[in-house]
Amino acid sequence: MHDTEEALFRAVHGIAGRFAGQPVPVVMDALLRHLPKAPGLEVAEIRKIAEEISVGRDPSGL
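Residues numbered from 1 in each chain as written. Predicted model: local features only at pLDDT ≥ 70, side-chain atom pairs only at ≥ 80, totals over all residues. Heavy atoms only, no water.

1. Some words on the packing of helix 1 (residues 2-19) against helix 2 (residues 24-34)
Each pair of packed helices gets described by two things: the angle between the helix axes and the distance between those axes. For the record, the criterion: Here an axis means a line fitted to C-alpha atoms, over the contact stretch when the element is a helix, while the angle between two N-to-C directions is reported on a 0 to 180 degree scale. Strands are runs of DSSP state E lasting at least 2 residues, helices are runs of H or I lasting at least 4, and numbering of each runs from the N terminus. Working rule for angles: under 35 degrees goes down as roughly parallel, over 145 as roughly antiparallel, 65 to 115 as roughly perpendicular, anything else as oblique. Less than a right angle of anticlockwise turn of the near helix away from the far helix marks a crossing as left-handed, whereas a clockwise turn marks it as right-handed. A contact between two residues is defined here by any heavy atoms of the two lying within 4.5 Å. For this classification, Asp, Glu, Lys and Arg are treated as charged, while Ala, Val, Leu, Ile, Met, Phe, Trp, Tyr, Cys and Pro are nonpolar and the rest, including Gly, are polar.
The contact between helix 1 and helix 2 brings their axes to 10 Å, and the two run at 150°. Looking at the two axes, helix 1 sits roughly antiparallel to helix 2. Of the two elements, helix 1 crosses helix 2, and the hand of that crossing is right-handed. Residues A11, V12, I15 and F19 of helix 1 lie in contact with helix 2, whose contacting residues are V26, V27, A30, L31 and H34. Grouping the constituent residues of the contact of helix 1 with helix 2 by class yields eight nonpolar, one polar and no charged.

2. Concerning the environment of A50
Assignment of secondary structure puts A50 in helix 3 (residues 43-54). Sequence separation between A50 and F19 is 31 residues, and the spatial gap between their C-alpha atoms is 9.2 Å. Those residues in contact with A50 that lie beyond four places of it in its chain are V24, V27, M28 and L31.

3. What to know about the side chain of S54
Stated precisely, the cut-off is as follows: Counting of polar contacts relies on pairs of N or O atoms within 3.5 Å, with two restrictions inside protein: one atom must be capable of donating a hydrogen and the other of accepting it, and residues adjacent in sequence are counted only when both atoms are side-chain atoms.
If you trace the backbone, S54 turns up in helix 3. For S54, the side chain forms a polar contact with the main-chain oxygen of Q22, separated by 2.7 Å. In contact with S54, not counting residues within four places along its chain, are G21, Q22, P23, V24 and V27.

Here's what the structure looks like:
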């Protein structure tokens with residue numbers, strides 16, 4: 001489980017660096033394509049992450 005969480009945080013961090021400030025749909029598409037599959041990760045949660053990245057925040061905490 002720890003490896004999955006770390007992979008998620010690293011993927012979000014990478015996407016945040018590349019897509020900061022982009023429109024939410026663009027960030028959503030990137031997240032859906034690049035996030036590793038994780039149990040319990042809902043589309044609504046991914047959208048919240050996309051919204052954070054869209055306004056220039058890095059929600060990964062890295």
